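Each chain is listed here by its residues.
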Amino acid sequence: MIPSYDPNDTEAGLKLLEDLTTNAEAIQEQVLHQILSQNCESQYLQAFLDGESDKNQQSFKNKVPVVNYGDIKPFIQRIADGESSDIVSSQPITELLTSSGTSAGKPKLMPSTAEELERKTFFYSMLVPVMNKYVNGLDEGKGMYLLFIKPEIKTPSGLMARPVLTSYYKSQHFRNRPFNKYNVYTSPDQTILCQDSKQSMYCQLLCGLVQRSHVLRVGTVFASAFLRAVKFLEDHYKELCADIRTGTVTSWITEPACRDSVLSVLQGPNQELADEIESECAEKSWEGILRRLWPKAKYVEVIVTGSMAQYIPTLEFYSGGLPLVSTMYASSECYFGINLNPLCDPSDVSYTLLPNMAYFEFLPVDDKSHEEIHFASHSNTDDDDDALKEDLIVDLVNVEVGRYYEIVITTFTGLYRYRVGDILKVTGFHNKAPQFRFVQRRNVVLSIDTDKTSEEDLLNAVTQAKLKHLQKPSCPLLTEYTSYADTSSIPGHYVLFWELKPRQNNEPPELENKTMELCCSEVEDCLDYVYRRCRNKDKSIGPLEIRVVSLGTFDLLMDFCVSQGSSVNQYKTPRCVKPGGALEILDSRVIGRFFSQRVPRWQPLGLDS
Ligand code: AMP
């Protein structure tokens, strides 16, 4: 069922894509048939389907419910606790993937199998012919891809629980990948697989710089990570150049496998190269630095869709006109689709779902609420409302161009009619396979890196801070708040705008630094596992900031929103604002700024706790 082709044969790869997309409908039927045949004896499906005779598409749609994570969590938890995989799947569940979506503050766990790694390898292989179709000569050099692993833990049953990319990079599929001219990277695997993200970053940049004349493309998975790499380079270029000059590796790279692999890339001192790099980096402006440091690079491969779009202007500044290429759309649950027009403008990116990856269905969602998201986010998920639309769910090939849908998947790994939480807009078709623009994650208001903070998470955290630190009679009352993801510096950070009112009179409130800083830290402590990991371990988010605004600011914000078309009667304070008029109003009335003074607590969780 999982096709394969020779990655050196672009024609064959493109032909395979044509076949898959042309036969999307038949392939989807086969996929569902195969999943049901394989897994109809699973405890989960048996609860809904009546054995062999009931494993058809119609029964599946009539009897198996569309579910959220909360519905399936008990089944997955049982597997994590050591019960047999056949609760959900006939194939052994070999690991659990920790999603950046969280449930009750902890990462969601997604089942995975050995076969699923093969499916992912196939998916990655399909990106190759697409890039080759648009960019010539990619077989004549290397890719500088800065890839990282994240912490993992063992569940009570001994299964590993880890993020999907950590799972993939550690797998034989990545480490023992058969050589082809398109998977030659500047980073030795040992540097990618280094647990210490700072050592990993340093070593990968060092290898990328030393091999700069061979680099044809640069990238990370998400845009946020690429900008962190640029910042790291800014902070460390002198040390990196010193290493190139002397042919040694700085003393704080202590991981032996990393050191050895980098030393073998360095191959002795290179004064001339170090001087060239150092003089580029010493330039006052870093505009176009990517082009200057990697002169043969043809594009920057980073995902810049969804919440990553906020990084486009900064990336454009550094890239000096190199195209920003978002190649794929994927998740812990399943890899979904690829961008068949990779050199298009970032705002035009659509992903074509590959119909053999899973069985896809689509819940129509209210179009209007998603048109406005560029201005301000209202989290408007209403589960009852969504439930009503369940009868309107449509198959992959029956979605309509211009409409918005939430994607629902049935996977080979034991998820059945599972709502991923992503909202997509249909932009067209490639043959019979629809193409989707990623619109937003359902119910997410703030995101800097892989964190996804919902309106509810934010409300809980703000409430907790208020209860803990603003209760004394001398403390002001928090009357309104909103938030903003500030990415003007690297790493970006969360900003909360608070309007505070004195309890006694209408004088401007007395703001005690200490109290406000404690509020910042309390909010951070209450945000979810992924936020705290980004802050504490990955250092990919900076300290949370509270900007106190003068009394009456939120009235002005309301006037502004109404002037932009919000209805006065139904007006609700947006809990997140984007750059533009609303942010300008808030920023022009700031009377105090406070930052969290410590990193929030975080540790790899015992998932049973
Ligand atoms: P995770 O399960 O932690 O791997 O996160 C997967 C989620 O990241 C998806 O469900 C999307 O919300 C988001 N995501 C993945 N790929 C893209 C993309 N190309 N564009 C926008 N968002 C993406």
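In what follows, the structure referred to is the one given above.
Report follows, based on the coordinates. Bear in mind the structure is a predicted one, so any value in this text is a computation, not a measurement.

Read from one edge to the other, the open sheet built from eight strands follows the order E9-E10-E11-E17-E16-E15-E12-E14, with strand pairing classed as antiparallel. The outermost strands of the open sheet, each flanked by one partner alone, are strand E9 (328-330) and strand E14 (394-395). Sheet analysis places strand E12 (residues 359-364) next to strand E15 (residues 404-410), joined by six bridges and oriented antiparallel. For Phe360, the partnering residue across the bridge sits in E15 and is Ile409. Helix H2 (residues 24-39) rests against E12, E15 and strand E17 (433-441) of the sheet, and its axis sits at about 105° to E12.

This part covers unusual backbone geometry. Following Ile490, the chain continues into Pro491 via a peptide bond in cis, with omega recorded as -5°. Within the element layout of this structure, Pro491 appears in the loop between strand E18 (477-486) and strand E19 (493-501). Unusually for a residue other than glycine, Gln267 sits at a positive phi of about 50°. With respect to the helices, strands and loops of the structure, Gln267 is situated in the loop between helix H12 (256-266) and helix H13 (271-281). Its identity is not glycine, yet Arg417 carries a phi of approximately 50°, on the positive side.

To continue, consider the site of the ligand. Of all residues adjacent to the ligand, which total 18 residues, the nearest are Ser100, Thr305, Ser332, Asp422 and Arg441. Between Ser100 and the ligand, the recorded distance is 2.5 Å, taken from a side-chain N or O atom to an oxygen atom. Here the ligand has 500 Å² of accessible area as a free molecule, and 90% of this is covered by the chains. Contributions of two or more residues to the shell around the ligand are made by strand E1 (95-103), E9, strand E16 (418-430) and E17. It is E9 that contributes the most residues to the shell around the ligand, three residues altogether.

Reading the values: rules and limits
Residues numbered from 1 in each chain as written. Predicted model: local features only at pLDDT ≥ 70, side-chain atom pairs only at ≥ 80, totals over all residues. Heavy atoms only, no water. Pairing = 2+ DSSP bridges. Helix = DSSP H or I, 4+ residues; strand = E, 2+ residues; numbered from the N terminus. Contact = heavy atoms within 4.5 Å. Axes fitted to C-alpha atoms, helices over the stretch in contact; angles between N-to-C directions. Near = heavy atom within 4 Å. Polar contact = N/O pair within 3.5 Å; in protein donor to acceptor, adjacent residues only side chain to side chain. Areas by Shrake-Rupley, 256 points an atom, 1.4 Å probe, with all protein chains shown as cover.

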